[in-house]
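Structural overview for review
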Amino acid sequence: DRDGSFDGARLPEKLDASNLKQTWRMELGPSYSGPIVTQNHVFVTETKARKYEVVTALDRASGEVVWRAQWEGSMQVPFFARENGSWIRSTPVWDDGRLYVGGIRDVLVCLNAGNGDVIWKKDFPTETGSKKPDFGFASSPMVLDDAVYVQAGGAFYKLNKLDGSVIWKAMDDGGGMYGSAFASPTVATLNDVEQLLVQSRATLAGIDIQTGKVLWEQPVPSFRGMNILTPIAFNNSVFTSSYRQKSFLYEAANNGGKWSMSTKWEVKKPAYMSTPVKKDGHIYMHLQNQRFTCIDLSNGETKWTSEPYGKYSSMIIQDDKVLALDQRGELIMFRATPEKFELLSEHRVSDQETWAHLAASGNELFIRELNAISAFQFEPAD
């Protein structure tokens, strides 16, 4: 559902060395992509020798390699975005035995998840004439029913998931330095209308799933187009936040098919990259200043703000617990309550940086380190 909710084994009150055990670890090249977990496998990406992009399928129980696939794909992102390397960025998606992987040079590759064979490959700059994105393919594809949706080629595409053919295209910005999205698409229901929620480098939009028609657009203030997090729907509104700017709640209105958006509130609480999680009308977010915060979605009131942690934290939520993996290799658990910031535990899970999104399934956590992936098991609360 792309909302960070985790419905696996019950998280305990704390996660530390007593109840969180590493079961295996595999060394890899660097990647920003989060691991994808299925019943029997874990899929990871890496950039190798600054020349190849590699996808590896690992046995979930043992960490042993099942298959590998690779293609030429590497580029240098601009210097101010290169602090941590020019690695593959997009997190893949698995669906019905297929794995959809976004390569940094704006290609989308569909692999047979059973053996790694390429089913189809779409090179957006070659096939559409779009400019190669200066920051690389960063958005993560989404599969819904018979289609895969992707923000690539300087636009937003709906593709046939079986052969990669274009069904429709929307929000064309041409790509390049100030085009191509960082955020990832999701689905929301606003005013009883199910629609695609898409955020480009400068604009938030609702798009008709069947036709690709843009129902509404809302400019989002940004610094150098750094609208990065995936927007969150709340009732008939949409929350987003952008680097060096503010957090916003935009309210949707639909008058006989004529849509409009208005700013319900804005607050000087800029996010960086982390997509927030939501519970009981409150948002829990990691800010540009490295602090966690809780904001009341109904009015924008800040309920609390924590002390600083790392530069970036990926988050999941279960009941009243938020589990955050920050880039320092620290696993942080805090209470999802507007009353106060209540730290439940903080435990180091890697001596390397951990920029990829935390993956959780059953009673297991999968941590993509800078040059490895590790699997952990925790003792469930029940």
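Residues numbered from 1 in each chain as written. Predicted model: local features only at pLDDT ≥ 70, side-chain atom pairs only at ≥ 80, totals over all residues. Heavy atoms only, no water.

**Topic: unusual backbone geometry**
- In this structure, Asp 106 is a non-glycine residue whose phi angle is positive, near 70 degrees.
- Looking at where Asp 106 falls in the secondary structure, it is placed in the loop between strand S7 (98–103) and strand S8 (107–112).
- The exposure class assigned to Asp 106 is buried, which follows from its relative accessible area of 1%.
- Even without being a glycine, Asp 280 presents a positive backbone phi close to 50 degrees.
- As for its position among the elements, Asp 280 is in the loop between strand S22 (277–279) and strand S23 (282–286).
- Given the relative accessible area of 64%, Asp 280 is considered exposed. (Helix = DSSP H or I, 4+ residues; strand = E, 2+ residues; numbered from the N terminus. Buried < 20%, exposed > 50% of the residue type's maximum accessible area, 1.4 Å probe, protein only.)

**Brief notes about the pattern of salt bridges**
- All chains considered together, the criterion is met by 20 salt bridges.
- Here Lys 122 ties to Glu 127 by a salt bridge, and the two come within 2.8 Å at their closest N and O atoms.
- A relative accessible area of 47% places Glu 127 in the partly exposed class.
- We note a salt bridge from Asp 320 to Arg 335, for which the minimum N-O separation is 3.1 Å. Here Asp 320, found in the loop between strand S26 (313–318) and strand S27 (321–326), pairs with Arg 335, found in strand S28 (residues 330–335); they are 15 residues apart in sequence, far enough to count as distant.
- Assessed through its relative accessible area of 27%, Asp 320 is described here as partly exposed.
- Where salt bridges share partners, they join Glu 13, Asp 320, Lys 321, Arg 335 and Glu 342 into one cluster. (Salt bridge = Lys/Arg side-chain N within 4 Å of Asp/Glu carboxyl O.)

**As for the side chain of Gln 151**
- One can find Gln 151 in strand S11 (residues 147–152).
- Of the polar contacts made by the side chain of Gln 151, one reaches the backbone oxygen of Gln 199; its length is 3.0 Å.
- In contact with Gln 151, other than residues within four places in its own chain, are Phe 137, Ser 139, Phe 156, Ala 181, Ala 183, Ser 184, Pro 185, Val 198, Gln 199 and Ser 200. (Polar contact = N/O pair within 3.5 Å; in protein donor to acceptor, adjacent residues only side chain to side chain. Contact = heavy atoms within 4.5 Å.)

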